[in-house]
Amino acid sequence: MIRVRVVGVALDPAQQHVILLKPIDATRGRDRVLPVWIGPQEAMSILVAIEGTGSPRPLAHDLMTAILGELSASVDRVEITHLDEGTFHARVVLNTPVGPRTFDSRPSDAIALAARADAPILVADAVFDEAGVPDDAVELDGDRADEDRVEEFRRFLDHVDPDDFQG
């Protein structure tokens, strides 16, 4: 497995969110990144965690992290394990009082948890070989775009009315 870090969250030409993962050890990835398409809420959650900014109310991944802490469990690592017809699969490995536990996960949720827990993110070599792209093939909007997205999300949270979400 290859240990990676989040180098950015970007929008593709179709305006879909994509998280870009790059090997920490550049000799393993040969100047490649792994793009993983995610939803807008997950993109914001990952950005909030990476930027170290808070939100007025806990996001789902903040809640998961708090629950793990209360149960004396912690995120040991997350792994992007394989591709199945273009869909990435991941798992979260926890340290618990009764020993390690592994849970299937969407990569976006696993990465959001890892970012909050400062846990390693690992990608199977076969996944990186199959889906990795040259890092010069992707363009990040830059740090300013990430800051703009976080600020936009903060404005949303400041003005959201809980009644808007009632069924």
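Predicted model only: the values in this text are computed from it and were never measured.

**Some thoughts on the overall build of the chain**
Argument step 1. The number of helices and strands found in the chain is six helices and eight strands.
Argument step 2. Reading the secondary structure of the chain in the N-to-C direction produces β-β-α-β-α-α-β-β-β-α-β-α-β-α.
Argument step 3. Across the 167 residues that make up the chain, the buried fraction comes to 41%.
Argument step 4. Expressed as a percentage of contacts within the chain between residues at least 6 apart in sequence, the contacts between residues at least 24 apart total 55%.

**Observations regarding the environment of Val 4**
Argument step 1. Note that Val 4 resides in strand β1 (residues 2–11).
Argument step 2. With 119 residues separating them in the primary sequence, Val 4 and Val 123 have C-alpha atoms 7.1 Å apart.
Argument step 3. Not counting residues up to four positions away in its chain, the partners in contact with Val 4 are Leu 21, Lys 22, Pro 23, Ile 24, Ile 121, Val 123 and Phe 128.

**Here's the deal with the sheet that holds strand β5 (residues 87–96)**
Argument step 1. Spatial ordering of the open sheet is given by β6-β5-β4-β7-β1-β2-β3-β8, a layout of eight strands whose pairing is mixed. Edge positions in the sheet fall to β6 (99–105) and β8 (133–134), since each has one partner strand and no second.
Argument step 2. With two bridges joining them, strand β3 (residues 32–38) and β8 adopt antiparallel strand pairing. Residue pairing across strands places Val 33 opposite Val 133, the latter belonging to β8.

**Overview of the confidence of the model for the chain**
Argument step 1. On average, residues of the chain score 82 in pLDDT, and 79% of them reach the 70 mark or higher.
Argument step 2. Across the chain, element-level confidence peaks in strand β7 (residues 121–123) with a mean pLDDT of 97 and bottoms out in helix α6 (residues 143–159) with 54.

**Side note on the pairing of β1**
Argument step 1. Bridging between β1 and β7 involves three bridges; their strand directions are antiparallel. When the sheet's bridge partners are listed, Val 4 is paired in β7 with Ile 121.
Argument step 2. Relative to strand β2 (residues 17–23), β1 runs antiparallel, the two sharing seven bridges. When the bridges of β2 are listed, Arg 5 appears paired with Lys 22.
Argument step 3. The turn joining β1 and β2, which pair antiparallel and follow one another in sequence, is formed by five residues; a positive phi near 65° is taken by Gln 15.

**Section: helix α4 (residues 107–117)**
Argument step 1. The element α4 is extensively covered by neighbouring structure, given that nine of its eleven residues are classed as buried.
Argument step 2. Regarding α4, the residues found buried are Pro 107, Ser 108, Asp 109, Ala 110, Ile 111, Ala 112, Leu 113, Ala 114 and Arg 116.
Argument step 3. Backbone geometry just downstream of α4 places Asp 118 in the positive-phi region, at approximately 55°.

**A few points about the side chain of Arg 116**
Argument step 1. With respect to the helices and strands, the residue Arg 116 is situated in helix α4.
Argument step 2. When its relative accessible area of 18% is taken as the criterion, Arg 116 is described as buried.
Argument step 3. At a separation of 3.1 Å, a polar atom in the side chain of Arg 116 contacts the main-chain carbonyl oxygen of Ala 112.

About the thresholds
Along each chain, the written sequence defines residue order, and numbers are assigned to residues from 1. Reporting in this predicted model follows two pLDDT cut-offs: at least 70 for local features of residues, and 80 or more for side-chain atom pairs to be given and counted; totals over whole chains, interfaces and linings ignore these cut-offs and use all residues. To get the side-chain values, take all heavy atoms of the structure and skip hydrogens and water. Helical segments are the DSSP runs of H or I of at least four residues, strand segments are the runs of E of at least two, and each set is numbered from the N terminus. In this scheme, a residue with accessible area under 20% of its type's maximum is buried, one over 50% is exposed, and one in between is partly exposed, where area comes from a 1.4 Å probe on protein chains only. Contacts between residues were defined by any pair of non-hydrogen atoms, one from each residue, lying within 4.5 Å. Each pair of strands is called paired provided DSSP finds at least two bridges between the two strands. pLDDT is a residue-level measure of predictor confidence that goes from 0 to 100. Counted as a polar contact is a pair of N or O atoms within 3.5 Å, where, for protein atoms, one must be capable of donating a hydrogen and the other of accepting one, and residues adjacent in sequence contribute only when both atoms are in side chains.

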